[in-house]
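Now for the letters of each chain:
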Amino acid sequence: MREKTIRKTKTVCTYCGVGCSFDVWTKGRRILKIQPREEAPANGISTCVKGKFGWDFVNSEERLTRPLIRRGDVFEEADWEEAMAVIGEKLGAIRDRYGPDAIGLIASSKCTNEEAYLMQKLARAVIGTHNVDNCSRYCQSPATQGLFRTVGYGGDSGSISDIAQADLVIIVGSNTAESHPVLATRIKRAQKLHGQKVIVADLRKHEMAERADLFLRPRPGTDFVWLSALARYILDQGWHDASFLEERVNGLEEYRRSLEPFTMDFAEEITGIAVSDLIRAAEMIRDADTVCILWAMGVTQHTGGSDTSTAISNLLLVTGNYGRPGTGAYPLRGHNNVQGASDFGAMPHMFPGYEPVTDERVRKRYEEAWGVSLPDRPGWNNHQMVDAIHDGRLKAMYIVGEDMALVDANARRVQRAFEQLEFLIVQDLFLTRTAQFADVVLPASPSLEKEGTFTNTERRIQRLYPALEPLGDSLPDWQIIQKVARSLGADWSYEHPGEIMAEAARLSPMFAGVTYERLEGYRSLQWPVLPDGTDTPLLYRDRFAFPDGKARLHPMTWIPPRKREPSYDLHLNNGRILEHFHEGNMTARSAGIRSKVPRAFVEVSPEVAKERGLRNGMWVRLTSPYGQVRVPVLVTDRVRGRELYLTMNDHEEGAVNLLTGNDTDRETDTPAYKEYTVRMEVL
Ligand code: SF4
């Protein structure tokens, strides 16, 4: 019988780190409308096109509705009992034969905080390994590292609403208008209403670059140099905040010495940005009382991603731009819950709340709570796990909601690794590229079918409620993870995600005061949260997160990106577009969005188009040392000279990671997705 009742349910968008919340109106499984509300803390009454129209995928005929078990070359449908019997037997046998470190787990940044918590607990307490990671390894780990080095916490320093209060917003390597649209809307409004100034530094002349007061266009991979040159120039001119540095920051002298090479002339030579533009940027910083810096993958997905993130934070410290509304560091998180997946411990070196697994006192707390003994060394991150499969040390994986075979760099190498695993469990909404390598596929539920919490880019924890029943036999991820734990002998008996959050809050001081009651409806909390429920919309007001309360300027040297083979003569930039979410597994199954942007395309400059005789819509083959893609061309002056921009929303022949290789950020192993070069042939 068709459901006649119309229901209104509060949820949180599953498409980006802005974390817009809104009501979804449903009738049976039909989604009638999305209604943002004034009290939504991150977005108010705004959403973007994905938040409004990107939901058809929940009713896609391609949704997995039953567990699948591989029998030879085919998958056969099974019930949950059969699937769990296979998992318990196979995973248990691998653990017994090779030891717990032969198993690796990947949590999902699209899943809830409670699900991330359970994945790391499954790895640590049930299997006995710290081999657990999530996709922050693919994006913002370098930003977190830069902030750990300098100010102590890895999250955004303030709230999204604070950005509108800045006199000057500097955006580095972030296509904010397309990747974090509602946040960009706030900046556009502040430009119009309050005369907010904006500097954009990017390879590509995207919308925010067009709107900027100053557009800096560095050569690929050179942001570190111009940021350090600005810091040196500001110190040399005496435009720094001397009292802030004196009272609140350590390490000025050593840092200053490390800036010696970064003259304006050197910066112009390396970056190609004119000295006059660099001086203008320094003057704009001098003239602004409040400056915040936003950055994203254009910074982090490089071999020097952590160093450039550190240079950003150093510049903010030199100019006293921390601890007041409108100041601070905003590494914009990509996935809706990439912040929460890391916060709640799905990382190989940290327990929930960023407490190291190497700290005996912390480890003991978890050992006592879980009644287990835990390893004292960090596990492997997702990049190291792929290496460990290739050299025979990792035998089994459990991957939740992450299409690693497409979104990890050098996708063919990852796919070859999956072929070698003795046992692979994939839990997802669709039979993704990764799931095609699995031995058991488990059908999960999307955000609209489950309850829990997400944490957005501003450290804000928000609740989502189920608007729909799980489709077929699919289940919310927390229930499936619990089944897997039980198949391995654990006696878990969580009946509601609120119980999981209560356990995390008991164990992790960062979330001490987080309760479902305090998060009811549109209420939210920004971590750290004290036991009495006091949260922290603005970090570093009085002290930085180091024992002496002082920030640390971090001295560094410039290591240029690796030189590439000259016959690959075009630089390959890549990233999101407004309509799609990453590899497109969800948005490509939303009819309106797919009809508007059906596939990936490559942006080519007018110069290269003229040189190669290219027109819009012609197809080209791009070849790197790692593979090839076929895509249509868009000729545009958004890109310059020999720089290309390939959109990343294809899970077929245009998938960008068929071209990327194995280089990673030196500190965090985040793939250097933005550092590759390709050849182009017209088809
Ligand atoms: Fe969703 Fe981000 Fe758009 Fe908000 S800005 S509706 S969170 S995709």
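Because the structure is a prediction, the values reported are computed rather than measured.

**Considering helix α13 (residues 275-287)**
Its 13 residues give α13 an end-to-end C-alpha distance of 18 Å, which sits within 8% of 18 Å, the value for a rise of 1.5 Å per residue. Along α13, the residues that are buried comprise Leu278, Ala281, Ala282 and Ile285. The buried residues of α13 occupy an angular sector of 95 degrees when the element is viewed end-on, so they sit on one face. Facing away from the buried side of α13, by more than 90 degrees, are the exposed residues Ser276 and Asp287. Those residues of α13 that are buried lie in contact with β8 (168-172), β9 (197-201), β10 (214-216), α9 (223-237), α12 (264-271) and β12 (291-295).

**A few points about the pairing of strand β27 (residues 643-647)**
The buried count for β27 comes to five of five residues, which makes it a mostly enclosed element. Burial of β27 is two-sided: the residues Glu643, Tyr645 and Thr647 facing one way and the residues Leu644 and Leu646 facing the other way are all buried. Two strands pair when backbone bridges link them, and strand β23 (residues 570-575) and β27 are joined in this way by five bridges, in the parallel orientation. By the bridge assignment, leucine 572 is partnered in β27 with leucine 644.

**Considering unusual backbone geometry**
The omega angle of the peptide bond from tryptophan 527 to proline 528 is -5 degrees, so this bond is cis rather than trans. Mapped onto the elements, proline 528 comes out in the loop between β21 (524-526) and β22 (551-552). In the Ramachandran plot, arginine 459 falls in the positive-phi region, its phi being about 65 degrees despite a non-glycine side chain. Structurally, arginine 459 is set in the loop between β19 (452-455) and β20 (460-464). Even without glycine at this site, aspartate 669 takes up a positive phi of about 70 degrees. Mapped onto the elements, aspartate 669 comes out in the loop between β27 and β28 (676-682).

**Quick word on the domain arrangement of the protein chain**
Where interface size is quoted, it is often the accessible area lost as the parts come together. Taken domain by domain, the protein chain consists of domain 1 (6-59), domain 2 (68-138 + 336-513), domain 3 (141-332) and domain 4 (570-662). Between the C-alpha centres of domain 2 and domain 4 there is a distance of 31 Å. Counting from both sides, the interface comprises eleven residues of domain 2 and, opposite them, twelve residues of domain 4. Looking at the side of domain 2 that touches domain 4, its residues break down into five nonpolar, two polar and four charged.

**Focus: the sheet that holds strand β1 (residues 6-12)**
Read from one edge to the other, the open sheet built from three strands follows the order β1-β2-β3, with strand pairing classed as antiparallel. Sheet topology places β1 and β3 (30-36) at the edges, where each strand pairs with a single neighbour. Across the sheet, the axes of successive neighbouring strands diverge by a mean angle of 25 degrees, strand direction being ignored. Examined bridge by bridge, β1 and strand β2 (residues 21-27) share seven bridges and lie antiparallel to one another. Note that in β2 the partner of threonine 11 across the bridge is phenylalanine 22.

**Things to note about helix α15 (residues 305-318)**
With 14 residues, α15 should cover 20 Å at 1.5 Å per step; its first-to-last C-alpha distance of 20 Å lies within 8% of that length. Burial analysis of α15 places 14 of its 14 residues in the buried class, the great majority of the element. One or two steps after α15, the chain reaches glycine 320, where phi turns positive at roughly 70 degrees.

**A look at the site of the ligand**
Looking at the ligand, there are 14 residues lining it, with Cys13, Cys16, Cys20, Cys48 and Gly51 nearest. Counting residues per element, the ones that place at least two in the shell around the ligand are α1 (49-53) and α7 (181-194). Grouping the constituent residues of the shell around the ligand by class yields eight nonpolar, five polar and one charged. Each of domain 1 (6-59) and domain 3 (141-332) gives at least three residues to the shell around the ligand.

Cut-off values and rules
Residues numbered from 1 in each chain as written. Predicted model: local features only at pLDDT ≥ 70, side-chain atom pairs only at ≥ 80, totals over all residues. Helix = DSSP H or I, 4+ residues; strand = E, 2+ residues; numbered from the N terminus. Expected span 1.5 Å × (residues − 1). Buried ≥ 20, exposed ≤ 12 C-beta atoms within 10 Å, placed from the backbone. Arc of directions from axis to C-beta. Contact = placed C-beta atoms within 7 Å. Pairing = 2+ DSSP bridges. Domains from an automatic or database assignment. Nonpolar A, V, L, I, M, F, W, Y, C, P; charged D, E, K, R; others polar. Axes fitted to C-alpha atoms, helices over the stretch in contact; angles between N-to-C directions. Near = placed C-beta within 6 Å.

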